[in-house]
Amino acid sequence: KQDPYAVLRIPFLAGRTRIRQAYTAVCRVEHPDKHGGRESLEWRMAEQAYRTLMDTEERSRYDSSRITQNALSFTERIFEFGASVVTSLQNFVAEGLNLPKT
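Residues numbered from 1 in each chain as written. Predicted model: local features only at pLDDT ≥ 70, side-chain atom pairs only at ≥ 80, totals over all residues. Heavy atoms only, no water.

**Description of the side chain of Ser-40**
And step 1. By secondary structure assignment, the location of Ser-40 is in the loop between helix H2 (16-30) and helix H3 (41-54).
And step 2. A residue is classified by how much of its surface remains accessible, and Ser-40, at 16% relative accessible area, is buried. (Helix = DSSP H or I, 4+ residues; strand = E, 2+ residues; numbered from the N terminus. Buried < 20%, exposed > 50% of the residue type's maximum accessible area, 1.4 Å probe, protein only.)

Dropping the structure here:
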């Protein structure tokens, strides 16, 4: 599933007016009437993004899941960084004491 903010190229804190403006801009270019009735992928993605962000409950659910996912990803990166620091420190100490590296 695509990030609706990225699809419409708007910031996370965009209000309803900005969402509508971004959606309208996509419609001007990608509307099926401009392409012989064929729906482009961009059009379908913009439609879904617009529906998600304009529905208060749907947007809230999406934002909550996005925040949780970002927090988990951030936590994983902290642990990876911590592990690499420990390994580097162990190697540094081992080198200073002429011990085998881990």
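**A few points about H3**
And step 1. When the terminal C-alpha atoms of H3 are compared, their 20 Å separation across 14 residues agrees well with the 20 Å that a helix rising 1.5 Å per residue should span.
And step 2. Looking at H3, one finds that the buried residues are Trp-43, Ala-46, Glu-47, Ala-49, Tyr-50, Thr-52, Leu-53 and Met-54. (Expected span 1.5 Å × (residues − 1).)

**Structural notes on the packing of aromatic side chains**
And step 1. The tally for this structure, following the rule as stated, stands at 4 aromatic pairs.
And step 2. An angle of 45 degrees between the planes, with centres 6.2 Å apart, marks the rings of Tyr-5 and Tyr-62 as tilted. One end of the pair, Tyr-5, is in helix H1 (residues 4-8); the other, Tyr-62, is in helix H4 (residues 56-96), and 57 residues separate them in sequence. The pair formed by Tyr-5 and Tyr-62 is uniform in burial state, with each residue classed as buried.
And step 3. Joined through ring pairs, the aromatic side chains of Tyr-5, Phe-12 and Tyr-62 make up one cluster. (Phe/Tyr/Trp six-rings, centres within 6.5 Å; stacked < 30°, edge-to-face > 60°.)

**Concerning the pattern of salt bridges**
And step 1. If you walk through the whole model with that rule in mind, you get 3 salt bridges.
And step 2. The partner of Arg-51 in a salt bridge is Glu-47, and the shortest N-O contact between them spans 3.4 Å. Separated by 4 residues within a single helix, Arg-51 and Glu-47 lie in helix H3, roughly one turn from each other.
And step 3. Given a relative accessible area of 47%, Arg-51 falls into the partly exposed group.
And step 4. Where Asp-63 meets Arg-59, a salt bridge forms, and the shortest distance between an N and an O atom there is 3.8 Å. Within this pair, Asp-63 and its partner Arg-59 are both found in helix H4, separated by 4 residues, close to a single helical turn. A single burial state applies to Asp-63 and to Arg-59, both of which are buried. (Salt bridge = Lys/Arg side-chain N within 4 Å of Asp/Glu carboxyl O.)

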